[in-house]
Amino acid sequence: MELTTRVLVTGATSGLGLAMATALAGAGARVAVTGRSGERARAVAAELPGAVGVALDVRDETSVARAVDEVWARWGGLDLLVNNAGLGMRTVNPEFMTHPRGFWEVPAEGFRAVVDTNLTGYFLVAREVTPRLLAAGGGRIVNVAVNESTMTRAGFVPYGPSRAGSEALSRVMAADLRGTGVTVNLLLPGGATVTGMLPNVPEQHTFLDPAVMGPPIVWLASPAAAGVHDERIVAAEFEQWLRDRQERNDAGSNENTA
């Protein structure tokens, strides 16, 4: 599948963001690799075909506007925004997997930092990009999500609530944008994934590879996903999801021609 899509991925210098940027660039998309450090973003982009590195701090609307302006001017527009930048539990508890702490033990500044990145960051970037997509006649937004169990797991304040909030935000975005030509979908790995967000954990734990995000994000950027809206796609189950979707579409076509 060869893409001509212009994509901006937040938090693309490592983890899930880097995996998605790599897959998209490998499929022919032009990818803006963004991160708080412009130097690091440019270094990562230099390793990907057709990619550019741009400094973008999702917590700061001035930084967001500057980065989107830069990418838009360079390519004459954008086709897809991937909201991915996030802070994990390690920022408030480095041993959260083995020694979870109660919510009352979380420092207020740590709570705010995670929510500012994981929830407010999604809002600020989408808020900047969406009017441009609407004026251009359409586009796509993919918001990276997590398992529902992660949102309410003991010891997962503030990460769980921040991701629950970003998922609710995504659903409202989808409702607000229905019928406009701008689509919004959720994409999540489907389990704990090997990224910098994980602490040192016992060897018996098994984790997903970040590359699991590649096939679904490439598909969501492709012509095949035109009109796909308000879906919650689990990357680890993507092939089955795609088969089920095709079967539903085939069944609907058969009913219409009967």
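Refer to the structure printed above.
Note that the structure is a prediction, hence the values are computed from the model and not measured. (Residues numbered from 1 in each chain as written. Predicted model: local features only at pLDDT ≥ 70, side-chain atom pairs only at ≥ 80, totals over all residues. Heavy atoms only, no water.)

For side chains bearing opposite charge, pairing can occur when the charged atoms are close. Counted according to the given criterion, the structure contains eight salt bridges. The residue D79 makes a salt bridge to R6 at a minimum N-O spacing of 3.0 Å. Taken together, the residues D79 in the loop between α3 (61-75) and β4 (80-83) and R6 in strand β1 (residues 6-9) connect sequence positions 73 residues apart. Residue D79 is classed as partly exposed on the basis of its relative accessible area of 25%. For R232, the salt bridge is made with E167, and the minimal N-O distance between the two is 2.5 Å. Here the residue R232 occupies a position in strand β7 (residues 232-234), and E167 occupies one in helix α6 (residues 159-177), the gap between them amounting to 65 residues. Overlapping salt bridges bring together R36, D57 and R59 as one network. (Salt bridge = Lys/Arg side-chain N within 4 Å of Asp/Glu carboxyl O. Helix = DSSP H or I, 4+ residues; strand = E, 2+ residues; numbered from the N terminus. Buried < 20%, exposed > 50% of the residue type's maximum accessible area, 1.4 Å probe, protein only.)

Further remarks concern the packing of α3 against helix α4 (residues 108-136). Put simply, α3 and α4 touch, their axes get as near as 9 Å, and they point 35° apart. In this structure, the crossing between α3 and α4 has a hand that is right-handed. Across the interface between the two elements, E61, V64, A65, V68, D69 and W72 of α3 pack against L124, V125, E128, V129, R132 and L133 of α4. Across the contact of α3 with α4, the residue classes tally to eight nonpolar, no polar and four charged. (Axes fitted to C-alpha atoms, helices over the stretch in contact; angles between N-to-C directions. Left-handed = near helix turned anticlockwise from the far one by under 90°. Contact = heavy atoms within 4.5 Å. Nonpolar A, V, L, I, M, F, W, Y, C, P; charged D, E, K, R; others polar.)

This part takes up the nonpolar core. In terms of nonpolar packing, the biggest core is built from 64 residues, with L24, V31, V33 and L187 touching the most fellow members. Ranked by size, the runner-up nonpolar core spans nine residues in total, among them V92, M97, M151 and Y159. (Core = buried A, V, L, I, M, F, W, Y, C linked by side-chain atoms within 4.5 Å.)

Inspection of the secondary structure assignment puts R132 in helix α4. There is a polar contact of 2.4 Å between the side chain of R132 and the side chain of D69. A polar contact of 2.8 Å, which involves the side chain of R132, links it to the side chain of E128. When near neighbours in sequence (up to four residues on either side) are disregarded, R132 contacts A65, V68, D69 and W72. (Polar contact = N/O pair within 3.5 Å; in protein donor to acceptor, adjacent residues only side chain to side chain.)

Our focus in this paragraph is the pairing of strand β2 (residues 30-35). Here β2 lies mainly inside the structure; five of its six residues are buried. Bridge count for β1 against β2 is four bridges, and the pairing is parallel. Looking across to β2, one finds that V9 is bridged to V33. Across four bridges, β2 lies against strand β3 (residues 52-55) in parallel orientation. Its bridge partner lying in β3, T34 is registered against V54. Between the parallel elements β2 and β3, the chain passes through helix α2 (residues 38-45) in a crossover that is right-handed. (Pairing = 2+ DSSP bridges. Right-handed = clockwise from strand over helix to strand, strands pointing away.)

Moving on, we come to the environment of A43. Looking at the secondary structure, you find A43 in helix α2. A relative accessible area of 46% places A43 in the partly exposed class. Measuring from C-alpha to C-alpha, the distance between A43 and L80 comes to 22 Å, with 37 residues separating the pair along the chain.

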